[in-house]
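# Structural features, examined
Residues per chain are reported as follows:
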Amino acid sequence: MATEPEAAEPVVPSLVDRYFTRWYKADVKGKPCEDHCILQHSNRICVITLAGSHPVLQSGKTIKSISYQISTNCSRLQNKVSGKFKRGAQFLTELAPLCKIYCSDGEEYTISSCVRGRLMEVNENILHKPSILQEKPSTEGYIAVVLPKFEESKSITEGLLTQKQYEEIVVKRINATTTTS
């Protein structure tokens, strides 16, 4: 009696893969490998996260602390949004810093918004438990949520990379480091 091959389990996409489009910004502010990932929902909300190749997620780094205090007069934690028109939200440019990540080896990384828009919220959970930024960067370890202007919601992705373009850049980096070694 012949046995039937077992049907392969269908791969169920994650919530992020199902509802968000991934966009990437490579080498933010000219710093090599400091890549950011922008998860764009169909309602134009953008969730700012770290890309998988970011140094904080690589090479076994330990996060000492995270600070949303950008300067003496500017803290992203002071952002208070209210009402239908999101009054009180801080306006961000593409290069506006969102937070600073301090690692135990003395390295410091400034995370930028990468998209223009209003800051809806910052993830205060990563202040209390910085390890979730490394464990679950696309979900619970997100950095901030930004709402682009309606008129700009289509154009914000012009300077960003698709998943395929980003993967090609990462492969080129790996190939460049292996040939120089």
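Each chain has its residues counted from 1, running along the sequence as written. Local features in this predicted model are restricted to residues of pLDDT 70 or higher, and side-chain atom pairs are both shown and tallied only at a pLDDT of 80 or more, whereas totals for entire chains, interfaces and linings draw on every residue. With hydrogens and water excluded, all non-hydrogen atoms of the structure serve as input to the side-chain values.

The term salt bridge refers to a pairing of a side-chain nitrogen on Lys or Arg with a carboxyl oxygen on Asp or Glu at a separation within 4 Å. With the rule as written, the count across this model stands at 4 salt bridges. The partner of Lys-61 in a salt bridge is Asp-105, and the shortest N-O contact between them spans 2.6 Å. Remark: Asp-105 occurs in the loop between β6 (97-103) and β7 (108-112) and Lys-61 occurs in the loop between β3 (46-50) and β4 (63-67); sequence separation between them is 44 residues. The cut-offs for exposure are 20% and 50% of the maximum accessible area for each residue type, with area from a 1.4 Å probe on protein chains only; residues under the lower value are buried, those over the upper are exposed, and the others partly exposed. Using a relative accessible area of 17% as the deciding quantity, one classes Lys-61 as buried. Measuring nitrogen to oxygen at the nearest pair gives 3.2 Å for the salt bridge that ties Glu-140 to Lys-136. Secondary structure elements follow DSSP: runs of H or I no shorter than four residues count as helices, runs of E no shorter than two count as strands, and numbering proceeds from the N terminus.

This paragraph deals with the nonpolar core. Buried residues of nine kinds, namely Ala, Val, Leu, Ile, Met, Phe, Trp, Tyr and Cys, make up a nonpolar core once their side-chain atoms join them within 4.5 Å. Ranked by internal contacts, the top residues of the largest apolar core, which has 30 residues, are Ile-38, Ile-101, Val-115, Leu-133 and Ile-143. Breaking this core down by element, the ones donating at least two residues are β3, β4, β6, β7, β8 (117-122), α3 (131-135) and β9 (144-147). Per element, the largest residue contribution to this core is 4 residues, and it comes from β6. The next biggest cluster of nonpolar side chains, apart from the first, holds 14 residues, and it includes Val-16, Met-120, Tyr-142 and Leu-147.

Phi at Asp-27 is positive, roughly 50°, even though this residue is not glycine. Looking at the element boundaries, Asp-27 is found in the loop between β1 (20-25) and β2 (36-41). Residue Asp-27 is classed as partly exposed on the basis of its relative accessible area, which comes to 31%. Unlike most non-glycine residues, Arg-44 shows phi in positive territory, near 80°. By the secondary structure assignment, Arg-44 is in the loop between β2 and β3. Using a relative accessible area of 24% as the deciding quantity, one classes Arg-44 as partly exposed.

As a general feature of sheets, a regular strand has side chains that alternate between the two faces. Neither face of β9 is exposed, since Ala-144 and Val-146 on one face and Val-145 and Leu-147 on the opposite face are all buried. Across 4 bridges, β8 lies against β9 in antiparallel orientation. Bridging from a neighbouring strand, Arg-118 pairs with Leu-147 of β9. Strand pairing is assigned whenever DSSP identifies at least 2 bridges connecting the two strands.

Each Phe, Tyr or Trp ring, with Trp reduced to its six-membered ring, pairs with another whose centre is within 6.5 Å; inter-plane angles below 30 degrees give stacked pairs, above 60 give edge-to-face pairs, and intermediate values give tilted ones. The tally for this structure, following the rule as stated, stands at 1 aromatic pair. On the numbers, 4.0 Å between centres and 5° between planes, the contact of Tyr-24 with Tyr-166 is stacked. Residue Tyr-24 is located in strand β1, and its partner Tyr-166 is located in helix α4 (residues 163-180); the two are separated by 142 residues in the primary sequence. When its relative accessible area of 5% is taken as the criterion, Tyr-166 is described as buried.

On the secondary structure map, Ser-53 appears in the loop between β3 and β4. Think of a polar contact as two N or O atoms within 3.5 Å of one another; within protein, one of them needs to be a possible hydrogen donor and the other a possible acceptor, and neighboring residues in sequence only count if both atoms come from side chains. A polar contact is formed between the side chain of Ser-53 and the side chain of Asp-35, at a distance of 2.6 Å. At 2.3 Å, the side chain of Ser-53 and the side chain of Tyr-166 are in polar contact. When residues no more than four places from it in sequence are discounted, the contact partners of Ser-53 are Cys-33, Asp-35, Gln-58, Tyr-166, Val-170 and Arg-173. The contact criterion used throughout is that any non-hydrogen atoms of two residues lie within 4.5 Å.

Let us look at the sheet that holds β4. Here we have 3 strands laid out as an open sheet, ordered β4-β6-β7, and antiparallel in their pairing. Every interior strand has two partners, whereas the edge strands, β4 and β7, have only one. Going from strand to strand, the sheet's axes swing by 20° on average, the running direction of each strand aside. Helix axes are fitted only over the stretch in contact, all axes being lines through C-alpha atoms; the angle between N-to-C directions runs from 0 to 180 degrees.

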